[in-house]
Amino acid sequence: MATLTQSSGAQFTRIYSYGAARGDVVVDNAALIGPIDSSDEWIQQRTGIITRTRASAEVSATDLATDAALEAIEKSGIEASAIDLVIVATISNVRQTPSMAAVVADRVGANPAAAYDTNAACAGFSYAVTQADALIRSGAAHNALVIGAEKLSDIVDPTDRSISFLLADGAGAVVIGPSDSPGIAAPVWGSDGSKADAVGMNATLTEFRDGEAEWPTLRQEGQTVFRWAVWDMAKVAARALEAAGITADDLAAFIPHQANMRIIDEFAKQLGLPESVMIARDIATTGNTSAASIPLATHRLLDEHPELSGGLALQIGFGAGLVFGAQVIVLP
């Protein structure tokens, strides 16, 4: 009987570079308070958001993903033609097919890379990094482009008080490839679908088609999500540190999903992070960009604090479907 040949790849991987693209329109709280009968003070107290970036009508999530990808590729030192895997994490691709990843791969010159989209909401970027790491180490890919890209303004109801004022548009990208030493630690990931109704879409496309519902938009049960994010995700973050074989004292940065400033601050408190750890707070001026928020926040942190390069960062995503993913990475 013939013996199959299975692939094997690099022992270790790392993130080579980050790229970013934010929406081209800065939207302040004053522009949103009318439809939700609120105030700038209320939004800032509850979320820490001062402004958020949203994309013009003619700018798509795919456009944002392309711009972020081009920057990441340029900084990586890897030729686009050497990228053989493209993964886009998104919940806001308004075209069910083709995948955003396939279009972006073509636009940046990575054809004929394997390309697909993944939907794990605000944990999507973490999921995609985990997949790229595993696929490179298995030998199924050699260099990967991973992107979190969202145009959440397409799926927001401006009158909804639960989430509309949080959401923004943007894309963050990384190039991942082989490394001589460990650059991406083992993930801690999972979900709790029993609480899927806590945050998600309020209707289906078929209900919209049949006239049974308005255009589907995001909704959330704020208190349920807040408690889950603070208490349960702090435990996930602690497990991610353990999986990486380090402690909070070893971290240079903590980069959680930019869901809400109160969640970020409480998160850091629960983890007992030392004052030396830099905490990403990109949400104040970018807003909540779901799958794009972690790479966007990391990109800004590295721009403002280049001394973080080579340090360890704990990244954790969590969101709709109560899906979560966390891992420690070495910053490029």
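The structure presented is a predicted model; accordingly, all values stated were derived computationally and were not measured.

## Side note on the overall build of the protein chain
Along the protein chain, the regular secondary structure elements total 10 helices and 14 strands. Taking 20 Å as the expected radius of gyration for a compact globule of 332 residues, we find that the protein chain reaches 19 Å, a close match to that expectation. Seen through its principal axes, the protein chain has C-alpha atoms that stretch 65 × 50 × 40 Å. Residue burial in the protein chain is summarised as follows: out of 332 residues, 55% are buried. In the protein chain, the share of contacts with a sequence separation of at least 24, taken over all contacts with a separation of at least 6, comes to 77%. When the accessible surface of the protein chain is totalled, it reaches about 14100 Å², and 51% of it is carbon and sulfur. Distance from the positive charge centre (21 side chains) to the negative charge centre (39 side chains) of the protein chain: 4 Å.

## What about the nonpolar core?
The biggest cluster of nonpolar side chains holds 51 residues, and the ones touching the most others in it are Phe254, Phe267, Leu273, Leu314, Ile316 and Phe318. Within the residue set of this core, elements represented by two or more residues are helix H7 (222-244), helix H8 (261-271), helix H9 (283-286), strand S13 (312-319) and strand S14 (323-330). By residue number, the principal contributor to this core is H7, which donates 11 residues. For Leu314, the contacting residues outside a window of four places in its chain are Ala237, Ala240, Leu241, Leu251, Ala253, Phe254, Ile255, Leu271, Gln327 and Val328. Counting 28 residues, the second-largest nonpolar core is a separate cluster that includes Tyr16, Ala69, Ala110 and Ile147.

## Brief notes about unusual backbone geometry
In this model, Thr97 is joined to Pro98 through a cis peptide bond whose omega is 5 degrees. Looking at the secondary structure, you find Pro98 in the loop between strand S4 (85-89) and helix H4 (100-108). For the bond from Asn111 to Pro112, the omega torsion is 5 degrees, close enough to zero to count as cis. Of note in this structure, Ser290 is not a glycine but carries a positive phi near 50 degrees. Mapped onto the elements of the fold, Ser290 is located in the loop between H9 and helix H10 (293-304).

## Some thoughts on the environment of Ala203
Tracing the chain through its elements places Ala203 in the loop between strand S9 (199-201) and helix H6 (205-209). Beyond its immediate sequence surroundings of up to four residues, Ala203 is in contact with Ala213, Glu214 and Pro216.

## As for the sheet that holds strand S7 (residues 169-179)
Pairing within the open sheet is mixed, and its 5 strands lie in the order S1-S7-S6-S4-S5. In the strand order of this sheet, the two ends are held by strand S1 (12-22) and strand S5 (114-118), each with one partner. Pairs of neighbouring strands in the sheet enclose a mean axial angle of 15 degrees, with direction left out of account. Relative to S5, S4 runs parallel, the two being bridged by 5 bridges. Considered in S5, the bridge of Leu85 is made with Ala114.

## Some words on helix H3 (residues 61-76)
At 3.6 residues per turn, the α-helix brings residues three or four places apart onto the same side. Taking 1.5 Å of rise per residue, 16 residues should cover 22 Å, and H3 covers 22 Å from first to last C-alpha, within 8% of that figure. Regarding H3, the residues found buried are Ala61, Thr62, Leu64, Ala65, Thr66, Ala68, Ala69, Ala72, Ile73 and Ser76. A positive phi of about 80 degrees marks Gly77, the residue just after H3.

## Notes on the packing of H3 against H4
Two numbers describe how H3 lies on H4: the axes approach to 10 Å, and their chain directions differ by 50 degrees. Here H3 is positioned oblique relative to H4, judged by the angle of their axes. In the crossing of H3 with H4, the sense of the turn from one axis to the other is right-handed. Contacts between H3 and H4 involve Ala61, Thr62, Asp63, Ala65, Thr66, Ala69, Leu70 and Ile73 from the first element and Met100, Val103, Val104, Arg107 and Val108 from the second. Grouping the constituent residues of the contact of H3 with H4 by class yields 9 nonpolar, 2 polar and 2 charged.

## With respect to the pairing of S14
Burial of S14 is extensive: 7 of the 8 residues sit out of reach of the surface. Summarising the sheet, S13 and S14 pair through 8 bridges and their orientation is antiparallel. Bridge pairing in S14 links Leu314 to Val328. Adjacent in sequence and paired antiparallel, S13 and S14 are bridged by 3 residues, among which Gly321 carries a positive phi angle near 80 degrees.

## So, the sheet that holds S14
Here 5 strands make up an open sheet; going across it, the order is S8-S14-S13-S11-S12 and the pairing mixed. Single-partner strands in this sheet number two, and they are strand S8 (188-191) and strand S12 (278-279). Seen against the sheet, H8 touches strand S11 (253-256), S12 and S13 and runs at an angle of roughly 135 degrees to S11. Of the strands in this sheet, S11, S12 and S13 are in contact with H10, which crosses S11 at around 150 degrees.

## Remarks on the pattern of salt bridges
Scanning all chains against the criterion turns up 10 salt bridges. Between Asp282 and Arg22 there is a salt bridge; the shortest N-O distance is 3.1 Å. A residue pair is termed long-range when its members are at least 10 positions apart, and Asp282 in the loop between S12 and H9 and Arg22 in strand S1 qualify at 260 residues. Residue Arg219 pairs with Asp157 through a salt bridge whose shortest N-O separation is 3.2 Å. You can see Arg219 sitting in strand S10 (residues 218-220) and its partner Asp157 sitting in the loop between strand S6 (144-151) and S7, a full 62 residues away along the chain. For Arg219, a relative accessible area of 26% corresponds to the partly exposed category.

Analysis parameters
Residues numbered from 1 in each chain as written. Predicted model: local features only at pLDDT ≥ 70, side-chain atom pairs only at ≥ 80, totals over all residues. Heavy atoms only, no water. Helix = DSSP H or I, 4+ residues; strand = E, 2+ residues; numbered from the N terminus. Rg over C-alpha atoms; globule rule 2.2 N^0.38 Å. Buried < 20%, exposed > 50% of the residue type's maximum accessible area, 1.4 Å probe, protein only. Contact = heavy atoms within 4.5 Å. Areas by Shrake-Rupley, 256 points an atom, 1.4 Å probe, with all protein chains shown as cover. Lys, Arg positive; Asp, Glu negative; His and termini not counted. Charge placed at Lys NZ, Arg CZ, Asp CG, Glu CD. Core = buried A, V, L, I, M, F, W, Y, C linked by side-chain atoms within 4.5 Å. Pairing = 2+ DSSP bridges. Axes fitted to C-alpha atoms, helices over the stretch in contact; angles between N-to-C directions. Expected span 1.5 Å × (residues − 1). Parallel < 35°, antiparallel > 145°, perpendicular 65-115°, else oblique. Left-handed = near helix turned anticlockwise from the far one by under 90°. Nonpolar A, V, L, I, M, F, W, Y, C, P; charged D, E, K, R; others polar. Salt bridge = Lys/Arg side-chain N within 4 Å of Asp/Glu carboxyl O.

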